[in-house]
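# Descriptive structure summary
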Amino acid sequence: MGRAEDDEPPSKRVKVSSRKLGDLSKSTLLSDPASCSLNDLMARPLVCQGDDEVVGAKGVVKKVEFVRIMAEALYSLGYNKAGARLEEESGIPLQSAVVKLFMQQILDGKWDESVATLHKIGTMDENIVKSASFVILEQKFFELLDGKNVMDALKTLRTEIGPLFIKNDRVRELSLCILSPSQRVLAGMSGMSGQDVVRAKSRTKLLEELQKLLPPTVILREQRLVHLVEQALDMQRDACRFHNSLVGEMSLLSDHQCGRDQIPSQTSQILQDHSDEVWFLQFSHDGKYLASSAADCLVIIWEVKLDGLFCVKHRFYGHQKPVSYMSWSPDDHQLLTCGVEEVVRQWDVESGDCIHIYEKHGLGLISCGWAPDGNRILCGVTDKSISMWDLEGKELECWKGHRTIRISDLGITSDGKHVVSVCKDNMILLFGWESKAEKVIQEDQTITSFVLSTDNKYLLVSLWNQEIHLWDIEGTVKLISKYNGHKRSRFVVRSCFGGLDQAFIASGSEDSQVYIWHKSSGELVETLAGHSGTVNCVSWNPADPHMLASASDDHTIRIWGLNQVNMKHNDTVSNGVHYCNGGSRLEVLKAN
């Protein structure tokens, strides 16, 4: 087929183609807080000599905070003597005397005294003080009920908890606990505290809850140093453009940096069982199978052996037109295949049998996908509608209007809340089939394909102008990154997420190469050469971050692995043959 003009629309071919707080109480209450006058303690934040002193070359780490965090880390690891010695030698206490008094009062069950002390701790927002008081008094309430002191519990509810004028629903639940003991279980299940209130929670659990409520300047968060170290490792990992290995391999002893050898970049196997352009391929969710389809109307399921080699499990015949789209069932037991504006077939992966054929009289199907429960399927239809069927072929619902276009992908979020489709050339629609709520992504260019991330947070959109856009679709929809470099002038070339934690973006290209970008930075980290025709589709094994597959017009599928993997060929391989682009492809005009 001759070269099309520059303004020719993309072809789908169709291509359409904690430490225990009990230990904390023993190890951190070094002085006797009870011997201190509350007047001496009140309204004074933790102040130490050299409070403005900083450590580190950048001058941003306050010495007082650093020492307190180290002391807390020592105590949390069980090194109580070392923690106490650090406090003594530095002159920097982990907690102020008034906070130690407050903590001890909580552990001793001195509820009225602890509420009074709470009001004397530094300067805190009134809402925080009220919330913390509510938690303390609720504990008092339940301990009184446990002690059969019903009248005192009622008095606490009426004269102490109620006058706080917060959490009114919870107050009503507490009142029911007095009227009916059985309601105490219900209150624990549905209440704001989320605690099992058949009996009062332990006082150490109460102290943990208060730690989360009060500002860290008042009570230091548990394992703060561990949290900071984990955060630093996460930042190093995210900044590493080649990171594609387990987090467990990271070390605190040196800055983290992966080499390029973590990216699959060497052909480990070439699969040659298709006799025409390979248009689509997709790994199963468990990574044990790869499905491929081509212009030869054939669908092949490849099994991934334990040694990483691929072998044919099934060949599916039956489509009268090239197969342009496929979708694995949530449990990977079935596969949907869609012929170009033809029918959708459902296949049993184990037996290889065609279980059902879905079709609409006088219309063709263009895409397919599974509902998360695996009991319903959805298909895009050539009349721009989207239909839902049960597995027996009964149409359950049909969303008419501009719900899809003739060159379109289909996505269903794993929570089952949204269907994603291209409703206009440059517009993607996310609509809830139950909530009827809709979100719209508006692009400036024609959309050629898209794919959802497995966590439903992101949408990867390939465009006419050779850009790939990454959209955050949680909450307010926003564009967060763009990827450039690959070539696309005539045909649909598909992209995918992949690698460890889906940290990479891969795409096919009309220059016969595979392009890989670091998702967060947008940096192009690798181009893979080897195909001799347009690379139409890529799929990254979700169970193996070091395995990538690519499908091409050269009639082959290439499996890419790490550099150290020896080149392996399936039967006889001829790398010197060049297959021309577009030899048998079906051109499809844009749908308006």
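Each value, and the rule that gives it
Residues numbered from 1 in each chain as written. Predicted model: local features only at pLDDT ≥ 70, side-chain atom pairs only at ≥ 80, totals over all residues. Heavy atoms only, no water. Helix = DSSP H or I, 4+ residues; strand = E, 2+ residues; numbered from the N terminus. Buried < 20%, exposed > 50% of the residue type's maximum accessible area, 1.4 Å probe, protein only. Areas by Shrake-Rupley, 256 points an atom, 1.4 Å probe, with all protein chains shown as cover. Phe/Tyr/Trp six-rings, centres within 6.5 Å; stacked < 30°, edge-to-face > 60°. Salt bridge = Lys/Arg side-chain N within 4 Å of Asp/Glu carboxyl O. Axes fitted to C-alpha atoms, helices over the stretch in contact; angles between N-to-C directions. Parallel < 35°, antiparallel > 145°, perpendicular 65-115°, else oblique. Contact = heavy atoms within 4.5 Å. Nonpolar A, V, L, I, M, F, W, Y, C, P; charged D, E, K, R; others polar. Pairing = 2+ DSSP bridges. 1 Å grid on protein atoms, 1.4 Å probe; cavity = no way out; pocket = protein on both sides within 12 Å on 5 of 7 lines; lining within 4 Å. Points joined across faces, edges and corners; volume = space filled by probe spheres on them. pLDDT = per-residue confidence, 0-100. Patch = residues over 30% accessible without salt bridge, like charges linked within 9 Å, V, L, I, M, F, W, Y side chains within 5 Å. Left-handed = near helix turned anticlockwise from the far one by under 90°.

A count of helices and strands for the chain gives twelve helices and 30 strands. Taking all 592 residues of the chain together, 52% fall into the buried category. Total accessible area on the chain is roughly 27200 Å²; 50% of this is exposed by carbon and sulfur atoms.

A few words on the packing of aromatic side chains. Tallied over the entire structure, the rule returns ten aromatic pairs. When the centroid spacing of 5.8 Å and the interplanar angle of 45 degrees are considered together, the rings of Tyr358 and Trp389 count as tilted. With Tyr358 in strand 11 (residues 354-358) and Trp389 in strand 14 (residues 386-390), this residue pair connects regions lying 31 residues apart in the sequence. When its relative accessible area of 3% is taken as the criterion, Trp389 is described as buried. Ring plane angle 25 degrees and centroid distance 6.1 Å describe the contact between Tyr515 and Trp517, whose orientation is recorded as stacked. For the pair Tyr515 and Trp517, one class covers both residues: buried.

One pass over the structure, following the stated rule, counts 20 salt bridges. Across the salt bridge formed by Glu395 and Lys360, the nearest N and O atoms sit 3.0 Å from each other. Placement of the pair is Glu395 in strand 15 (residues 395-399) and Lys360 in the loop between strand 11 and strand 12 (365-370), with a sequence separation of 35 residues. What emerges from the salt-bridge pattern is a single network uniting Asp112, Lys140 and Glu160.

Let us look at the packing of helix 7 (residues 126-146) against helix 9 (residues 168-179). Here helix 7 crosses helix 9 at 10 degrees, and the two axes come no closer than 11 Å. Taken together, helix 7 and helix 9 sit at an angle that is classed as roughly parallel. Contact residues: Phe134, Glu138, Phe141, Phe142 and Leu145 in helix 7; Arg170, Val171, Leu174, Cys177 and Ile178 in helix 9. Counted by class, the contact of helix 7 with helix 9 contains eight nonpolar, no polar and two charged residues.

With respect to topology, four strands assemble into an open sheet ordered 12-13-14-15, the strand pairing being antiparallel. With partners counted over all chains shown, the strands left at the sheet margins are strand 12 and strand 15, one partner each. Neighbour to neighbour, the strand axes of the sheet diverge by 20 degrees on average, direction disregarded. Pairing geometry for strand 13 (residues 376-381) and strand 14, over five bridges, is antiparallel.

What the largest pocket holds in volume is close to 1200 Å³. Along the walls of the largest pocket sit 47 residues, with Gln282, His285, Val451, Leu452 and Thr454 positioned nearest its centre. Those elements that place two or more of their residues in the lining of the largest pocket are strand 4 (278-283), strand 8 (323-328), strand 12, strand 16 (410-412), strand 20 (447-452), strand 24 (495-498) and strand 28 (535-540). Across the lining of the largest pocket, the residue classes break down as 24 nonpolar, 19 polar and four charged.

This paragraph deals with the pairing of strand 27 (residues 524-529). As defined by bridge partners, strand 26 (residues 513-518) adjoins strand 27 across five bridges and the pair is classed as antiparallel. Across the sheet, Gln513 pairs through a bridge with Ala529, a residue of strand 27. Count of turn residues in the strand 26/strand 27 antiparallel hairpin: five residues, of which Gly522 carries a positive phi of about 80 degrees.

Moving on, we come to unusual backbone geometry. The backbone of Lys148 shows a phi angle near 65 degrees, a positive value even though the residue is not glycine. Mapped onto the elements of the fold, Lys148 is located in the loop between helix 7 and helix 8 (150-161). When its relative accessible area of 69% is taken as the criterion, Lys148 is described as exposed. Although it is not a glycine, His555 sits at a positive phi angle of roughly 75 degrees. Considering the arrangement of structural elements, one finds His555 in the loop between strand 29 (548-552) and strand 30 (557-561).

Our focus in this paragraph is the sheet that holds strand 5 (residues 289-294). Strand order across the open sheet formed by four strands is 4-5-6-7, with antiparallel pairing between neighbours. The open sheet has two edge strands with one neighbour each: strand 4 and strand 7 (310-316). Pairwise comparison of adjacent strand axes, ignoring direction, gives a mean angle of 25 degrees for this sheet. Bridge count for strand 4 against strand 5 is five bridges, and the pairing is antiparallel. When the bridges of strand 5 are listed, Phe280 appears paired with Ser293.

Structurally, His418 can be placed in the loop between strand 16 and strand 17 (419-424). Once the C-alpha coordinates of His418 and Leu429 are considered, the two residues, eleven residues apart in sequence, prove to be 9.4 Å apart. Ignoring any residue separated from it by four or fewer positions in sequence, one finds His418 in contact with Gly411, Ile412, Thr413, Leu430, Phe431 and Gly432.

Let us look at the confidence of the model for the chain. Caution applies to low-pLDDT parts of the model: their predicted coordinates are not meant to be read in detail. Residues at a pLDDT of 70 or more form 82% of the chain, whose mean pLDDT is 84. Here residues 184-198 is a poorly scored stretch, pLDDT under 50, and it has 31 contacts once near neighbours within four places are set aside; other chains count.

On the surface, a cluster of nonpolar side chains totalling about 260 Å² of accessible area is made up of Val60, Val61 and Phe66. By secondary structure assignment, the location of Val60 is in the loop between strand 1 (54-55) and strand 2 (61-62).

Where helix 5 (residues 97-108) contacts helix 6 (residues 111-118), the two axes come as close as 8 Å, and the packing angle between them is 155 degrees. When the axes of helix 5 and helix 6 are compared, the pair comes out roughly antiparallel. Of the two possible hands of crossing, helix 5 and helix 6 adopt the one that is left-handed. Residues Val98, Leu101, Phe102, Gln105 and Ile106 of helix 5 form the contact with helix 6, whose own contacting residues are Trp111, Glu113, Ser114, Thr117 and Leu118. Here the residues of the contact of helix 5 with helix 6 are counted per class, giving six nonpolar, three polar and one charged.

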